[in-house]
Every structure is written in structure tokens, then in C-alpha cells.
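# Examining the three-dimensional arrangement
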Amino acid sequence: MSILRKSLAIMSTAIALAAINPAQAENGISARNPDALEQMVRQDCGSCHGLTFKGGLGSPLLPENLAAYSVEDLAQIILEGLPGTAMPPWRAIVTRDEAKWMARYLKTGESE
């Protein structure tokens, strides 16, 4: 799959997920349960970082690769993206609490 197609697929999934309840997202309230967030991480993050998180277009997201980053640092990267790289900002799609959940999930490899 081309990078453009992959990006379009990710964004269409993200738009659909954002439509779950925009009012809740604006207020910082998670509209998604942990199962939905885990699915989002596996599909959307995995599409660039590899389905097993061992790397792909994006760098590996295994706990040992993320050990030097705090949950807060990773949440900020999820929300703001990394300028100059293929990592897009997800602020319009996920709340800060959801980004922190995703960061903890990636750091530990476990859902809560």
C-alpha cells in the first residue's frame, strides 16, 4: 500500500472515530473505552509503526524502545506529531486523556 493510500486510510478511520461524540472530545472526556482505544492503537499506529510495533514507516513502538520517554512525553508526541517526520498530530482525533492511555499502553504493552 502506498504511503498516500495508507495516510488516507488512517485519516478516514480517524475522522470516523472523531465523529463518535465531538462534544465529549472537546471537553476532554473520553468517548472511547479501553477496547476501542486499544483497537485504534493497533490499527492506526500499527499501520505506520508495524502491526507488531517493530517499526515500518515509523520507528518501533515496543516498550524497550520507549523506556526513555515519559507517558507525558509520548502523549505530547501523539497529540502534536513530530514536525519534519511522517508522524501527524492526532489532537483533533484524541483527547489528552486518551493520548495518555495510548502512551501507557505502548510503554507497558498492556491495556489497563
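Residues numbered from 1 in each chain as written. Predicted model: local features only at pLDDT ≥ 70, side-chain atom pairs only at ≥ 80, totals over all residues. Heavy atoms only, no water.

## Some points on the packing of aromatic side chains
Under the defined criterion, the tally for this structure stands at one aromatic pair. Ring centres 5.3 Å apart and planes at 10° place the aromatic pair Trp101 and Tyr105 in the stacked group. Of this pair, Trp101 and Tyr105 both sit in helix 6 (residues 96–108), separated by four residues, roughly a single helical turn. By relative accessible area, which is 3% here, Tyr105 ends up buried. (Phe/Tyr/Trp six-rings, centres within 6.5 Å; stacked < 30°, edge-to-face > 60°. Helix = DSSP H or I, 4+ residues; strand = E, 2+ residues; numbered from the N terminus. Buried < 20%, exposed > 50% of the residue type's maximum accessible area, 1.4 Å probe, protein only.)

## Some thoughts on the environment of Phe53
One can find Phe53 in the loop between helix 3 (34–49) and helix 4 (63–66). Spatially, the C-alpha atom of Phe53 lies 9.9 Å from that of Val41, the residues being 12 residues apart in sequence. Those residues in contact with Phe53, other than ones at most four positions away along the chain, are Val41, Arg42, Cys45, Gly46, Pro60, Leu61, Leu62 and Leu106. (Contact = heavy atoms within 4.5 Å.)

## A few points about the nonpolar core
By size, the foremost hydrophobic cluster in this structure holds 20 residues, and its most contacted members are Val41, Ile78, Val94 and Met102. Elements supplying a minimum of two residues to this core: helix 3, helix 5 (71–80) and helix 6. The element best represented in this core is helix 6, accounting for six residues. Residues in contact with Val94, not counting those within four places in the same chain, are Arg32, Met40, Ile78, Leu79, Ala99 and Met102. (Core = buried A, V, L, I, M, F, W, Y, C linked by side-chain atoms within 4.5 Å.)

## Quick word on unusual backbone geometry
A negative phi angle characterises most non-glycine residues, just as the trans form characterises most peptide bonds. Unusually for a residue other than glycine, Phe53 sits at a positive phi of about 65°. Residue class for Phe53 comes out buried when judged on its relative accessible area of 7%.

## Examining helix 3
Among all positions of helix 3, only Leu37, Met40, Val41, Asp44, Cys45, Gly46, Cys48 and His49 are buried. One side-chain oxygen of the residue at the start of helix 3 lies 2.9 Å from the amide nitrogen of Asp35, identifying that residue as Asn33. Among the residues trailing helix 3, Gly50 stands out with phi positive, at a value near 90°. (Polar contact = N/O pair within 3.5 Å; in protein donor to acceptor, adjacent residues only side chain to side chain.)

## Notes on the side chain of Arg32
Secondary-structure assignment places Arg32 in the loop between helix 2 (22–26) and helix 3. Within the structure, the side chain of Arg32 is placed 2.9 Å from the backbone oxygen of Ile93, a separation counted as a polar contact. Polar side-chain contacts of Arg32 include one of 2.6 Å to the side chain of Glu98.

## Remarks on the confidence of the model for the chain
In the predicted model, the chain carries a mean pLDDT of 81, and the fraction of residues at 70 or more is 71%. Across the chain, the secondary-structure element scoring lowest on mean pLDDT is helix 2, at 44, and the one scoring highest is helix 5, at 97. Below a pLDDT of 50 lies the segment residues 15–29, which in the model reaches 16 contacts outside its immediate sequence neighbourhood of four places, other chains included. (pLDDT = per-residue confidence, 0-100.)

## Looking at helix 5
Each α-helix turn comprises 3.6 residues. Residues three or four places apart therefore point the same way. The set of residues buried in helix 5 consists of Leu74, Ala75, Ile78 and Leu79. End-on, the buried residues of helix 5 take up no more than an arc of 135°, which puts them together on one face. Where the residues of helix 5 are buried, they touch helix 4 and helix 6. Remark: Gly81 follows helix 5 within two positions and exhibits a positive phi of approximately 75°. (Arc of directions from axis to C-beta.)

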